[in-house]
Amino acid sequence: MEVSAPGFLSELFRRKVVKVTLTYIAVAWMLIQAADIALESFSAPAYFMQAFMVFAVLGVPVVILLAWVLEVTPTGVRSEKSGRALGASSLRNAIAVLPFTNMSSDDELEHFADGLSDHIISGCQQRLDIDVTSRNSTFVYKGQRVTIKNVATELDVAYVLEGSIQKQAQKIRVTAQLILAEDDSHLWAHHFDREMDDAFQLQDELTRLIVDGIDQNLDTPVAEAPTSSKKSMLLTLLNLPVLIQFSLIGLSLLLALLGISLWLPENSLAAALPKELPFEWATTAILILTIGALSGVYYWQRRKRISAKIRESLLLIEEHVHSNHLIEAFDLAMEIKSRLSDADYPASWWDRFSIVIEFNCEPADAAVSYRPYNGRNMPWRELGSAPLKGIRLPVGDLQAKLEREGYGTQEFATSNPGHFFDNAPFELPSIPLLEQAKTPVITKAQVAGMIFASARPHLLSLTGLPPTGPSQIGEFYLDKYPVTNRDYQTFVDSGAYAEGKYWQELPWPEAKNWQDVVQTFVDKTEQPGPADWELGRAPVAQLDLPVTGVSWFEAAAYANYAGKRLACTYEWARVALPFDAPMTSIPVAMMKFSNFMGKGKSAANEFPSLNGCSAYDMFGNVREWVWNEVGTGRCNLGGCDTDLPYFAVMVNSEDPLLRDDKHGFRCALGDIDDPALLAPIPRIERSYDGEEPVGDEVYEALVQALLPRYESVDATLEQESERDGLSWQQYSMNSGHGERIPITVVLPPGVSEPAPSLVMFPGMGAFLGSVGEDEIQQMVQSIEFVVRQLGYAVVAPYWQGAYERFDHGPFPFAKNSQAIWLERTSHWVQEGSQAVNFIAGHANLDVERVGFLGTSYGAINTTPILALEKRYKTALLLSGNLISHPIYPFADSINFYPRMTLPTLLINGRYDTIVSPDEALLKRRFDWLGTPAADKKQVLYDAGHWPFPQHLFKKEMAAWLQRYL
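Source: prediction; values computed, not measured.

Overview of the confidence of the model for the chain
Thinking step 1. Looking at the chain, pLDDT values average 82 and 82% of them are 70 or higher.
Thinking step 2. Here residues 72-88 is modelled with pLDDT under 50, and outside its nearest four sequence neighbours on either side it reaches 55 contacts, counting other chains as well.
Thinking step 3. Contacts from residues 220-243, a stretch scored under 50 in pLDDT, to residues over four places away or in other chains number 48 contacts.

Printed below as a string of structure tokens:
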């Protein structure tokens, strides 16, 4: 191969061959001078110096060769690479194009950046000879802080292209960088300055230029490593500053020459030495001392690098924790775990981002692995065989997998902490039946394309349904993915639309003949089939998309044809959501990585949204028909690609004859033993359309029976203890309506002056017969920063019907429910007033700074307290809304919000599965609130019912409390 002189010379300088060679010659010359003096002092023979000079000269070509083969960098020496000549690599010979970053505030540029990324992916797929990762796999990294090595590992690619776009006036600068993942080095980088005229034409031009740049720098295939991708021993050792490295080459040659003298026959050199200092001893001592010095330098350098890496890792862990990226913090901590001392980094440090788990399954001995639930194709991490105990996992949303020889693989989505890992921060004392649901079950019996769901109780936690207890669901199978156009084509081709056996037993509306109705189920060309087909055929490009344009009846008929059935609502929820989903953030993770918000239909498994139990795509893409009637329609669940994400957990019902592009379905297999699971489900809906709060005159009449009365508190301290530095006091007091009730006080650490306090009203679980002490402790732990860091006390009365004062449950819809609600509401108002009286008489509490904290049920049903007891200075209502069902006017929040004038903070999750997340309804509540505009605030987090993103929640709570208390 002919090499041009200018190119060859520039390559010599680029690889620092000239610099290294000159450095070696200079060091060798100094060593020769030093050796000349030293050898003369030892009366060494002349040939010794001659040999040394020969070795020094022979070292020149060796150094030149090393400088050409190895790349000299500021951090040491590594192998030189040209193009894609990597040597061994454990990564797939593929490239991932990350979403280009918009570095301006221009929203249009954001669309341009996404479009350019899409074009480059398509261009790479057309022109490159290596695999190109799909858009759905790479766009999950959009807006996230990630490292190239992590991206490459998760996607199993050897190369990553990243880029950015900046804009100034009508000019844009597009920067693209092709990165070799193995060592994070740049193979190619360039920026392009252009005028922003025709966006499409500019995208085409930039795509061509960037793909050209990639193609020119990927000219040698990557060799697959059979076992390991670790650096060679030579590259590991050559990690000292370059001048030291090449200076030691010359010194090593001198030492080698001296060492040879140990094996030389005795001659005049030995005879010339004094008897008391044999030359062999001197050379041996020099050799040992030099090797020791070199080893010391090496290990000192290595230790310094490791220490620097640990310090950098610890700082990054703190940054991850501060940003609530707890899984990333855990991964980094595990990398350096062996170098962290238990004294300096005790369990309390690890508890900031991880938690110890216990886990079991049936049968035991299944291999357990997990990975973060973050929409990425991350490798599974093995934990060992169940049962597991005492293992740490990161705090956050996770996927787990169970495998056992001879059994089907079981996957599930869950949160840590949670009930699956036996470390949930809350208990279910009032629903012991749900304890059975904590243990996953895998089975030997397998059905192709379907997942197994074991028999267990499940709480139907879907928005829009009345609160009920858990339902016992027998074992069944469910399709892993929705029925596709390809699947449905077999149904159409079989002539099933004319086969009465699939249709005639369905529950047709009265006065309708099934044959007459089925004849209307035609496509765009009047042929039998889904409404969006033509000529009885599915579009070829859409064969792997979920079938749409089918009515509920067509879905049920197809299930009959396939020897299956439609799932009932309870079965669908059993698979889609973990049984403890309302108390965790896992539904939010599922929504985030599902097909919502107008993305268009996607193929099966295109979106990596694993649901509660091994199934995929139950959220988004298509609303799935299920068996049950809800109101006048048939139920469909999960939401579709054009819906907002919170539709995933809303019960939707529509005309079963509806045939549009929003609806699809999947099938179930197995008998349903309990007919109640197939019965119509009542839906609770209250839109508040046309409703208005009552007038002042009516309001005054309504509240006459509710007005608080001043009563003596007569508080008695029953018990006092200290828990984790907090003072817990248990009192009894006069409720104000003829009985004594418990009231708990939690004081901040080191309180000396009267502290501000929050009177706490709990959620629905407290009204199911739970233990007060346990419930209050769990609630305090969830807002512990308010007590420990901010210095606010918590005051928790045992409200009427709560804890051990259980009476009629959270929703007393008995025959005498009006009397029950009236008594309960009046007692709550009186107890809320007595709590303030109690604070006034407590030496450590400041009655001038009293706030109210209501959560969930306690944020919905407590408006009478806040409207009638004027001594509360502020209210914080978490996960509440207007009452979702009709209720008596004296307890209806619509009549009390306009009479609430205290500063009020309202916090909700957009994807709440318990309280309606309908933003229009939340806005109506906010507008009705009588508080001045400057003193009321509504906050919406990308979260479910609870918990909220802790770093944001803490910031909001702290700012509000410090402003008003």
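Next comes the rest of the write-up.
Focus: the pattern of salt bridges
Thinking step 1. Per the stated rule, a full pass over the model turns up 39 salt bridges.
Thinking step 2. Residues glutamate 571 and arginine 565 are paired through a salt bridge, measuring 2.8 Å at the closest nitrogen-oxygen approach. Both residues of the pair, glutamate 571 and arginine 565, count as buried.
Thinking step 3. With its nearest N and O atoms 2.6 Å apart, the salt bridge here joins aspartate 892 to arginine 686. Placement of the pair is aspartate 892 in the loop between β33 (874-878) and β34 (904-909) and arginine 686 in the loop between β26 (667-669) and α19 (696-702), with a sequence separation of 206 residues. Taken individually, aspartate 892 and arginine 686 each receive the classification buried, so the pair is uniform in this respect.
Thinking step 4. A single network of salt bridges, built from pairs that share partners, joins Arg92, Asp131 and Asp156.

Some points on the side chain of asparagine 102
Thinking step 1. Summarising the element assignment, asparagine 102 is placed in strand β5 (residues 101-102).
Thinking step 2. Within the structure, the side chain of asparagine 102 is placed 3.2 Å from the side chain of glutamate 110, a separation counted as a polar contact.
Thinking step 3. Filtering out sequence-adjacent residues up to four positions away, asparagine 102 remains in contact with Leu109, Glu110 and Ile165.

Remarks on the side chain of threonine 414
Thinking step 1. On the secondary structure map, threonine 414 appears in strand β16 (residues 410-416).
Thinking step 2. Threonine 414 has contacts with Gly396, Asp397, Leu398, Phe420, Phe421 and Ile586, leaving out every residue within four places of it along the chain.

Side note on the sheet that holds strand β15 (residues 396-403)
Thinking step 1. Judged by pairing direction, the sheet is antiparallel, and its four strands sit side by side in the order β13-β12-β15-β16 without closing on themselves. The open sheet terminates on both sides in strands that have one partner only, identified here as β13 (381-385) and β16. Ignoring strand direction, the axes of neighbouring strands in this sheet form an average angle of 30°.

Quick notes on the environment of alanine 705
Thinking step 1. Mapped onto the fold, alanine 705 is located in the loop between α19 and β27 (716-723).
Thinking step 2. When the C-alpha positions of alanine 705 and serine 826 are compared, they lie 6.9 Å apart, and in sequence the two are 121 residues distant.

Description of the sheet that holds strand β21 (residues 565-566)
Hydrogen bonds along the backbone pair up the strands of a sheet, which may run parallel or antiparallel.
Thinking step 1. One open sheet holds the four strands; their spatial order is β17-β20-β26-β21, and the pairing between them is antiparallel. With partners counted over all chains shown, the strands left at the sheet margins are β17 (450-453) and β21, one partner each.
Thinking step 2. With two bridges joining them, β21 and β26 adopt antiparallel strand pairing. Directly across from arginine 565, in β26, lies its bridge partner alanine 668.

Definitions and limits used
Residues numbered from 1 in each chain as written. Predicted model: local features only at pLDDT ≥ 70, side-chain atom pairs only at ≥ 80, totals over all residues. Heavy atoms only, no water. pLDDT = per-residue confidence, 0-100. Contact = heavy atoms within 4.5 Å. Salt bridge = Lys/Arg side-chain N within 4 Å of Asp/Glu carboxyl O. Buried < 20%, exposed > 50% of the residue type's maximum accessible area, 1.4 Å probe, protein only. Helix = DSSP H or I, 4+ residues; strand = E, 2+ residues; numbered from the N terminus. Polar contact = N/O pair within 3.5 Å; in protein donor to acceptor, adjacent residues only side chain to side chain. Pairing = 2+ DSSP bridges. Axes fitted to C-alpha atoms, helices over the stretch in contact; angles between N-to-C directions.

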